[in-house]
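Structural overview
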Amino acid sequence: MEALVQTTLKSPIRFTGTGLHSGQPATLTLRPAMAEHGIWFSRTDVAVGDRLIPARWDVVNRSPLCTKIENASGLTVSTVEHLMAALAGCGVHNALVEIDGPEVPILDGSAAPFVRGIMQRGLRQLNAPVRAFQVLQTVTVTDGAASATLAPADTLRIDFEIDFTDAAIGHQQRSLVMNNGSFARELCDSRTFCRQADVDAMQANGLALGGNPGENAVVFDGDRVLSPGGLRHADEPVRHKMLDALGDLALAGGPLIGHYTGVRAGHSMTNTLLRKLFATPGAVRMVICDRDMTARLPGAGLVWDEIPQVA
């Protein structure tokens, strides 16, 4: 959809599953919202107090394992990154996300079920222009061998590089411009992944309780892929890291126009990068998108037949 106006969903969409880390059942409903609403989460299981949480970089409670957002009352929703990537990748600007627990259901471990649900339902145009955040200056954050950078560009481009000692993962590198439906076509079906040693450590600490190799995660052990069915792509891990990066960048509060480069970066580092971007005078500005700019945003050019049918 190459419209000059904001979008929302045509009608509600319901997803049911289990939280990856909590192991708790969760039902999530995406609802249409008015123009200028943005993306907000609502904890429907909370009867008293403020149950609304904005999907925004400055309310992220930084964690290395997932992206968790928290309102001023301390109410949280975790593992929002795959859903946020799907909303951004489908060009959805406004939605209310109702959820009956503290964690977004992991579904198959990728963003494909969300993408297919959103596009099957369809989008509705709203009477307001699309506003995007344009990166004007290069900003970088580092932590040892890991780094994340945002630089000026005329579209959103994501470059990512990973390097694991496990031979089944090893060194992987990929670059992708995020328009012309590329997110749905190239990235959305890539699943979350981890090493068996990490699974054992997380479960010993009460995390990854909803993980199921082959069903909602890819598990590696040395030179072996433990998940039944193997990989969906030879470089599925780096593709998933790019998926995560798009979801974390979507917490800018609107479409982002810039070149993101991640080297061994994770959720916390990408959020630190957004915080630095918005704290640096002159590094970013909000722009009203013209037709050419709108056509270069994620979600533009998405074709139903190109969405992977794995969900």
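Residues numbered from 1 in each chain as written. Predicted model: local features only at pLDDT ≥ 70, side-chain atom pairs only at ≥ 80, totals over all residues. Heavy atoms only, no water.

1. Points about the packing of aromatic side chains
Under the defined criterion, the tally for this structure stands at six aromatic pairs. With a centroid separation of 4.9 Å and 70° between ring planes, the pair formed by Phe15 and Phe114 is classed as edge-to-face. One end of the pair, Phe15, is in strand β2 (residues 13-18); the other, Phe114, is in helix α2 (residues 112-121), and 99 residues separate them in sequence. By the burial criterion, Phe15 is buried, and Phe114 matches it. Both rings, one in Trp57 and one in Phe278, keep their centres 5.0 Å apart while their planes meet at 5°; by these two values the pair is stacked. In this pair, Trp57 sits in the loop between β5 (52-54) and β6 (60-61) while Phe278 sits in helix α6 (residues 267-279), placing the two residues 221 residues apart along the sequence. Among the residues examined, Phe278 registers a relative accessible area of 23% and is labelled partly exposed. (Phe/Tyr/Trp six-rings, centres within 6.5 Å; stacked < 30°, edge-to-face > 60°. Helix = DSSP H or I, 4+ residues; strand = E, 2+ residues; numbered from the N terminus. Buried < 20%, exposed > 50% of the residue type's maximum accessible area, 1.4 Å probe, protein only.)

2. Looking at the pattern of salt bridges
Here the structure, examined in full by the defined rule, presents 16 salt bridges. For the salt bridge of Glu186 with Arg239, the shortest nitrogen-to-oxygen distance reads 3.4 Å. Residue Glu186 is found in helix α3 (residues 182-187), and its partner Arg239 is found in helix α5 (residues 236-249); the two are separated by 53 residues along the sequence. (Salt bridge = Lys/Arg side-chain N within 4 Å of Asp/Glu carboxyl O.)

3. A look at the side chain of Gln6
Relative to the helices and strands, Gln6 resides in strand β1 (residues 5-9). Gln6 sits in the buried class, given a relative accessible area of 5%. Within the local environment of Gln6, its side chain forms a polar contact with the backbone nitrogen of Glu36, the two atoms lying 3.0 Å apart. Discounting residues that sit within four places of it in the chain, Gln6 has contacts with Ala35, Glu36, His93, Asn94, Arg124, Gln125, Leu126, Ala128, Pro129, Val130 and Arg131. (Polar contact = N/O pair within 3.5 Å; in protein donor to acceptor, adjacent residues only side chain to side chain. Contact = heavy atoms within 4.5 Å.)

Remember, this is a structural readout, not a statement about activity or role.
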